[in-house]
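This is what each chain is made of:
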Amino acid sequence: MTTLPPVERFTSSSGVDIYRLPMLLFPKDFTGHAFVLDGAGPLTLVDTGSGMGRSNEDLLSGFRQIGERYGKSYTLGDIERIIITHGHIDHFGGLAFVLDQTDAAVGIHELDLRVLTNYEERVIVATKALGIYFDRAGIEPSQREALFAMYGFAKKHVTSIDVDFSIGDEEVMDGLEFIHSPGHCPGQVCIRLGNILLSADHVLSRTTPHQSPESITHYMGLGHYADSLRKLLRFEGIELALGSHEDAIHDLYGRVNAIRASHNRKLDRIRKIMRDRGAPMTIAEITQAMYPDVDGYHVLLALEEAGAHVEYLYQHGHLSIANLQEFEAQPNPAVLYELQV
Ligand SMILES: [Zn+2]
Ligand SMILES: [Zn+2]
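Since the structure is predicted, the reported quantities are computational estimates derived from the model, not experimental observations.

Rules behind the numbers
Along every chain, residues carry numbers that run from 1 in the direction the sequence is written. Throughout, the order in which chains and ligands are written sets their labels, letters from A for the former and numbers from 1 for the latter. Local features in this predicted model are restricted to residues of pLDDT 70 or higher, and side-chain atom pairs are both shown and tallied only at a pLDDT of 80 or more, whereas totals for entire chains, interfaces and linings draw on every residue. The side-chain figures draw on all heavy atoms in the structure; neither hydrogens nor water molecules are used. Comment: axis = line fitted to C-alpha atoms, over the contacting stretch for helices; angle = value between 0 and 180 degrees taken between N-to-C directions. Helix and strand labels come from DSSP, where a helix needs a run of H or I of at least four residues and a strand needs a run of E of at least two; each type is numbered from the N terminus. These descriptions rest on fixed angle ranges, namely under 35 degrees for roughly parallel, over 145 for roughly antiparallel, 65 to 115 for roughly perpendicular, and the rest for oblique. Throughout, a contact is declared for two residues whenever any of their heavy atoms are within 4.5 Å. Nonpolar residues are Ala, Val, Leu, Ile, Met, Phe, Trp, Tyr, Cys and Pro. Charged residues are Asp, Glu, Lys and Arg, and all others, Gly as well, are polar. A carboxyl oxygen of Asp or Glu within 4 Å of a side-chain nitrogen of Lys or Arg is what we treat as a salt bridge. For the exposure calls, accessible area comes from a 1.4 Å probe over protein chains only, and a residue counts as buried if that area is under 20% of its type's maximum, exposed if over 50%, partly exposed in between. Metal donors: N, O and S atoms at distances within 2.8 Å, or within 3.2 Å for Na, K and Ca, with water omitted from the atom set so that some sites may seem incomplete. Metal sites are grouped by the angles between bound donors: all angles between 85 and 135 degrees with four donors is tetrahedral, opposite donors over 155 degrees apart with the others between 65 and 115 is square planar for four donors and octahedral for six, and any other pattern is irregular.

Asker: Could you clarify how one ought to interpret the packing of helix α8 (residues 252-277) against helix α9 (residues 283-290) in this entry?
Answerer: A pair of packed helices is characterised by two quantities: the angle between their axes and the separation of those axes. Running from N to C, α8 and α9 cross one another at 110°; their axes reach a closest spacing of 10 Å. If you check the angle between α8 and α9, you find them roughly perpendicular. On α9, the residues touching K266, R269, I270, I273 and M274 of α8 are I286, A289 and M290. Here the residues of the contact of α8 with α9 are counted per class, giving six nonpolar, no polar and two charged.

Below, the structure written as structure tokens:
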């Protein structure tokens, strides 16, 4: 059984107490955080967990621990505002559970708003776009069903929920400074509180946040993500970043640059794979060469990650389409890429 670290409190230079509540989001060991903010307007909850498995229970335990460790006996009923950092299920799947216990106003960036308010539509649209992507990536028909099943996992327990307010870029609300950071997700926001940044899934301490092609969902893709990393470097004076997963980051700017370097290495690796092959390749083939050992859900993640990098290379003029005639003649054929010389 996964053991979670205790709730921790951080106090920002702007005087806000930030409680970090660890939760198990997906079995077996995918953990993450919700945050309670005291001192920035109404008592605010940032993200709600996945609503799956132990997640709701862990959220309640987090509130109990705030009382035990820090003497503040909040309950979910005391929460007056809920901010969702982005429209991924591990961040908003627990929203219905939380809203059973509070009338808090719910807010999310406008680019992820429909994920919450029109969830069923969003799943249909995203699944359709993913199918088109699979065709273009050259996925074998036999593999499609398993990939769609993985994609549908964890999406069934959620229904649409009303949103009370949307968040714009660089909006300031009760001392919370929102920084729109599209890439990992269209409506991804980081939240700055003085010297502390809630970096959500935009910057994590160990892993490079997952990338998926813009061809599946607008405002995602490596180009947007790289722009958002660069944008973050403009915000000086951040001494501590708290991600929605993994550990606190004490050198945010160094971490941002390490993530940028990691993506550059992946781009180089794709070019090398393609040079070594010496023949046009599909995204499925490039993925197989980059991530030969992945299984389960990671197959889907690998396809999206590699595809985001191929898309970036193509957008920036490093690749061209080798089977343009077929691409023109067929409804949605697999695209063969070759290095642009
Ligand atoms: Zn995410
Ligand atoms: Zn996440």
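So, next bit.
Asker: So what exactly am I meant to see when it comes to the pattern of salt bridges here?
Answerer: Pairs can form between side chains of opposite charge once their charged atoms are near each other. Applying the stated criterion to the full structure yields 13 salt bridges. With its nearest N and O atoms 2.9 Å apart, the salt bridge here joins K231 to D169. With K231 in helix α7 (residues 222-233) and D169 in the loop between β7 (165-167) and β8 (172-173), this residue pair connects regions lying 62 residues apart in the sequence. The class for K231 is buried, based on a relative accessible area of 14%. You can call D169 partly exposed: its relative accessible area is 39%.

Asker: What should I look at first to understand the coordination of the zinc ion (ligand 1) in this one?
Answerer: Around a metal, the ideal angle is 109.5 degrees if four donors adopt a tetrahedral arrangement and 90 or 180 degrees if six donors adopt an octahedral arrangement. Note on the zinc ion (ligand 1): its protein donors are H86 (NE2), H88 (ND1), H184 (NE2) and D201 (OD). The metal-donor distances range over 2.1 to 2.3 Å. For the zinc ion (ligand 1), the four donor atoms in the first shell make angles of 90 to 170° at the metal, a pattern classed as irregular. Of note, the donors binding the zinc ion (ligand 1) are all from one chain and are spaced H-x1-H-x95-H-x16-D. Here the zinc ion (ligand 1) and the zinc ion (ligand 2) are spaced 3.4 Å apart, with D201 acting as a shared donor. Of the two residues, H88 is situated in the loop between β5 (81-84) and α2 (89-92) and H184 in the loop between β9 (176-180) and β10 (189-193); the sequence distance between them amounts to 96 residues. Residue classification places H184 among the buried residues on the basis of a relative accessible area of 6%.

None of the figures reported here should be taken as evidence of function without further support.
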